[in-house]
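# Coordinates in review
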Amino acid sequence: MSPDRREKTLRGIGVSHGIAIGPAFLVQVDRPHVPQWKVAAQDIAAEQARFQQSVMTAQNELGELKEKSASLPDTAAEEIGLLLDAHLAMLSGSRLVRGVIKRIADEGINAEAAIEHVMQELTDQFRALRDKYIAARIDDVEAVSNRLIRILMNLPYIALDSVPPGGIVLAKEISPADTALMDPKRFAGLATVHGGAAGHTAVMARSLGIPSVLGLDPDMLDHSGHGGIAIVDGVTGVLILNPSEATLAEYRARQQALQNARADLDKITTLPAETTDGQAISLRANLELPRDVQAIVDSGAEGIGLFRTEFLFMNRSTLPSEDEQFDSMAAVVRAMQGKPVTFRTLDIGGDKIARAVGAWIAEATNPALGLRAIRLSLKQPQLLIDQFRAMLRAAALGPVRVLLPMVTTAEEVEQAAQLLRRCHADLKAEGTAVPEALPPLGTMIEIPAAALSADSLAAVSDFFALGTNDLVQYTVAIDRGNDQVAALYNPLNPAVLRLIEFTLEAARRAGIPVSICGEMGADPRYTPLLLGLGLREFSVGSAALPRIKQRIRALGLAECEAHARLVMDQYDPAQITAIVEQYGS
Ligand code: PEP
Ligand code: MG
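I will try to describe carefully the structure that is included in this document.

The rules behind the values
- Residues numbered from 1 in each chain as written.
- Chains lettered and ligands numbered in written order.
- Predicted model: local features only at pLDDT ≥ 70, side-chain atom pairs only at ≥ 80, totals over all residues.
- Heavy atoms only, no water.
- Near = heavy atom within 4 Å.
- Polar contact = N/O pair within 3.5 Å; in protein donor to acceptor, adjacent residues only side chain to side chain.
- Areas by Shrake-Rupley, 256 points an atom, 1.4 Å probe, with all protein chains shown as cover.
- Helix = DSSP H or I, 4+ residues; strand = E, 2+ residues; numbered from the N terminus.
- Donors = N, O, S within 2.8 Å, 3.2 Å for Na, K, Ca; no water.
- Buried < 20%, exposed > 50% of the residue type's maximum accessible area, 1.4 Å probe, protein only.
- Pairing = 2+ DSSP bridges.
- Contact = heavy atoms within 4.5 Å.
- Axes fitted to C-alpha atoms, helices over the stretch in contact; angles between N-to-C directions.
- Parallel < 35°, antiparallel > 145°, perpendicular 65-115°, else oblique.
- Left-handed = near helix turned anticlockwise from the far one by under 90°.
- Nonpolar A, V, L, I, M, F, W, Y, C, P; charged D, E, K, R; others polar.
- Phe/Tyr/Trp six-rings, centres within 6.5 Å; stacked < 30°, edge-to-face > 60°.
- Lys NZ or Arg CZ within 6 Å of the ring centre and 35° of its normal.
- Core = buried A, V, L, I, M, F, W, Y, C linked by side-chain atoms within 4.5 Å.
- Domains from an automatic or database assignment.
- Expected span 1.5 Å × (residues − 1).
- Arc of directions from axis to C-beta.

### So, the site of ligand 1
If you check the shell around ligand 1, you find 16 residues, and the closest are Arg-308, Arg-344, Gly-467, Asn-469 and Arg-480. The separation between an oxygen atom of ligand 1 and a polar side-chain atom of Arg-344 is 2.7 Å. A distance of 3.4 Å separates an oxygen atom of ligand 1 from a polar backbone atom of Gly-467. Within the complex, the protein chains bury 100% of what would otherwise be the 290 Å² of accessible surface of ligand 1. Among the elements of the structure, strand 10 (304-308) and helix 17 (468-476) are those that each provide at least two residues to the shell around ligand 1. With 3 residues, the top contributor of residues to the shell around ligand 1 is helix 17.

Listed below in structure tokens is the structure:
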């Protein structure tokens with residue numbers, strides 16, 4: 001049956017400012033429905049031979065992959081090599097292969113169905129052992145079984161590598177780590193079923209400037225889009241599969257209008273971020289991947305307000321050494337030519353996973369409430385020591401600030417500060433170049449408890465950074481990456497606004513600066529409110545920076561303050577949204 005090629009419009013969450021048009025490519029990570037049929041006694045041997053043939057094909061495929069992977073950079077080649085070896089081992093005389101041969105005979109069923117049953121049996125047994133090492137083998141059993149099923153069902157293997165240049169990826173889910181691997185020159189757009197606006201996949205997609213729509217209906221995976229043209233509208237959150245000529249023309253015009261608006265915005269790159277009444281606002285940028293630093297330099301940012309160092313730990317199986325981290329950090333500090341760079345210590349856990357630290361984080365029912373960020377770093381202080389030493393060495397090359405993620409108590413800051421001082425003293429004693437004074441040490445305010453104890457945290461911090469992505473998640477108890485509750489993820493909830501106001505007041509009393517580095521700061525609809533509440537420093541993705549600057553340059557502080565007062569007098573989130581929307585963007 002040929003696929004239905006009628007135009008289909010699906011609505012999701014637009015998470016980046018752009019429109020992409022290109023060939024749609026369905027990245028099928030899931031196993032298709034596996035048919036089961038009876039095999040007559042006289043055909044059992046032939047069915048077993050068909051299975052053995054698929055095993056040989058799989059061995060050849062893996063052998064070829066191994067050859068290809070040899071050209072990857074060292075650590076990646078080693079890691080993939082180990083993985084492929086494990087898969088190859090599973091194809092020779094393993095329980096999986098023996099089990100399938102036996103099942104075909106015992107139950108008189110086809111090979112693909114037998115594989116599915118054996119895979120289920122093995123993974124259930126592995127899960128029951130509750131051992132982390134064995135649990136990791138579940139992925140291998142599933143990967144090998146899926147490969148065999150795909151070969152037997154004659155289905156093409158689809159991976160990100162196969163996406164044509166300028167293609168639009170349709171997938172159930174793409175992890176933040178996989179998103180980090182997506183080259184924006186190659187991938188025009190992204191559309192997925194899972195993911196929320198403030199999850200790290202969204203943050204990453206925005207940072208790479210890949211127009212994306214997440215949280216779409218699973219219908220989009222029904223194959224009707226694969227191979228046709230797709231439109232991803234990251235502004236309004238729409239995915240259109242197989243657009244008509246008229247729709248295509250409409251979106252090409254919209255795409256052009258966005259590009260023109262962008263070109264207009266580029267003209268203000270060198271102008272200051274200043275309100276109409278002359279208040280200078282600090283406008284810095286967020287950085288995830290060191291390779292993107294040039295976009296920040298080009299955007300006219302006054303520095304880097306958040307460097308998420310966790311991306312240095314992703315897509316590899318070993319920890320980056322102090323020297324490796326220093327090299328990346330030094331490159332960023334040098335590129336910024338005297339403008340300050342804020343390095344945040346590792347924030348792994350929650351929806352951000354890195355294999356090298358995975359062994360320290362036990363599987364948890366609520367990973368966002370578990371061993372994440374500073375909690376992990378203080379438990380494994382060598383992580384902090386390596387990072388602090390790299391940061392301090394980079395600080396010899398230009399102004400650097402150090403930022404701690406997921407802080408709950410002043411004690412955590414004090415423990416980290418003590419380690420930072422020790423690293424500084426050690427480096428000096430070793431004769432390594434570091435600045436005479438310690439770099440400013442800041443605290444992320446992203447847990448309600450931290451916001452509510454902002455005065456005690458201000459006493460031990462040189463600056464605050466408001467992490468509204470998490471602050472909203474933890475205040476309204478909505479998982480920031482969960483599409484099912486995404487509509488309830490609301491930065492305008494009065495509880496969130498009060499926590500922001502409370503933090504700003506505590507910082508003002510203590511005389512320390514506060515910046516916002518969560519996505520709320522990158523949305524021009526919220527700029528008047530944030531300015532009116534007293535915020536004077538923003539750090540946003542470089543793609544959003546010109547829009548925020550344009551907004552700031554059109555606002556006066558007095559009108560912002562009046563707007564903020566009106567908003568803070570409300571208790572109904574819907575009413576607040578209406579007031580904020582009315583103010584426009
Ligand atoms: C935040 O939580 O707002 C933040 C900036 O940090 P991250 O998105 O990396 O959790
Ligand atoms: Mg956060």
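### Notes on the coordination of the magnesium ion (ligand 2)
Within the first shell, the magnesium ion (ligand 2) binds the protein through Glu-446 (OE) and Asp-470 (OD), at distances of 2.0 Å. Taken as a pair, Glu-446 in the loop between strand 13 (441-445) and helix 15 (448-452) and Asp-470 in helix 17 lie far apart in primary sequence, 24 residues in all. The exposure classification of Glu-446 matches that of Asp-470, with both residues buried.

### Here we look at the sheet that holds strand 5 (residues 187-192)
Neighbouring strands of a sheet are bound in pairs by backbone hydrogen bonds; such pairs are parallel or else antiparallel. Read from one edge of the open sheet, 8 strands run 1-8-7-3-4-5-6-2, paired in mixed fashion. Each edge of the sheet is formed by a strand with only one pairing partner; in this case those strands are strand 1 (8-11) and strand 2 (13-14). Note that strand 1 and strand 8 (residues 238-241) share 4 bridges and pair antiparallel. Residue Leu-10 lies in a different strand from strand 8, and its bridge partner there is Leu-239. Sheet contacts for helix 8 (residues 245-266): strand 3 (19-27), strand 7 (229-233) and strand 8; angle to strand 3, the most-contacted strand, approximately 120 degrees.

### What about the packing of helix 13 (residues 381-394) against helix 14 (residues 410-430)?
Running from N to C, helix 13 and helix 14 point in directions that differ by 55 degrees, and their axes come no closer than 9 Å. Taken together, the axis directions place helix 13 and helix 14 in an arrangement best described as oblique. As helix 13 packs across helix 14, the resulting crossing turns out to be right-handed. Along its contact with helix 13, which presents Pro-381, Leu-384, Ile-385, Phe-388, Arg-389, Leu-392 and Arg-393, the element helix 14 presents Ala-416, Leu-419, Leu-420, Arg-422, Cys-423, His-424, Asp-426, Leu-427 and Glu-430. Taken together, the residues of the contact of helix 13 with helix 14 sort by class into 10 nonpolar, 1 polar and 5 charged.

### So, unusual backbone geometry
One non-glycine residue, Gln-337, adopts positive backbone phi at about 45 degrees. With phi around 60 degrees, Met-406 is a residue other than glycine that occupies positive phi space. Among the structural elements, Met-406 can be located in the loop between strand 12 (400-404) and helix 14.

### Description of the pairing of strand 13
The element strand 13 is extensively covered by neighbouring structure, given that 5 of its 5 residues are classed as buried. The alternating pattern of strand 13 places Leu-441, Thr-443 and Ile-445 on one face and Gly-442 and Met-444 on the opposite face, and all of these are buried. In this sheet, strand 13 lies alongside strand 12 in parallel orientation, the contact comprising 3 bridges. Considered in strand 13, the bridge of Leu-403 is made with Gly-442. By the bridge criterion, 4 bridges tie strand 13 to strand 14 (residues 463-466) in an arrangement that is parallel.

### What to know about the packing of aromatic side chains
Both the distance between ring centres and the angle between the ring planes are used here to describe each pair of aromatic rings. The tally for this structure, following the rule as stated, stands at 1 aromatic pair. The aromatic ring of Tyr-251 is capped on one face by Arg-254, whose charged end is 4.5 Å from the ring centroid. Across the ring face of Phe-326, the terminal group of Arg-393 is positioned such that the distance to the ring centre comes to 4.2 Å.

### Some words on the side chain of Arg-372
In this fold, Arg-372 is placed in the loop between helix 11 (355-358) and helix 12 (374-379). The class of Arg-372 is buried, set by a relative accessible area of 2%. In this structure the side chain of Arg-372 is engaged in a polar contact, spanning 2.9 Å, whose partner is the side chain of Asp-347.

### A few points about the nonpolar core
Val-169, Ile-304, Phe-343, Phe-388, Phe-464 and Phe-538 are the most contacted members of the largest nonpolar core, which has 118 residues in total. Each of two domains, domain 1 (8-29 + 158-246) and domain 3 (277-584), supplies a minimum of three residues to this core. Setting aside residues no more than four positions away along its own chain, Phe-388 makes contact with Thr-345, Val-402, Leu-404, Ala-416, Leu-419, Leu-420 and Cys-423. Membership of the second largest hydrophobic core comes to 30 residues, among which are Leu-62, Val-100, Ile-115 and Ile-151.

### Brief notes about helix 3 (residues 95-107)
Between its terminal C-alpha atoms helix 3 stretches 17 Å, which fits the 18 Å expected from 13 residues at 1.5 Å a residue. Residues of helix 3 that are buried include every one of Leu-96, Val-97, Gly-99, Val-100, Arg-103 and Ile-104, and no others. All buried residues of helix 3 lie within an arc of 165 degrees about the axis, which places them on one face of the element. Exposed and facing more than 90 degrees away from the buried side of helix 3 are Arg-98, Lys-102 and Asp-106.

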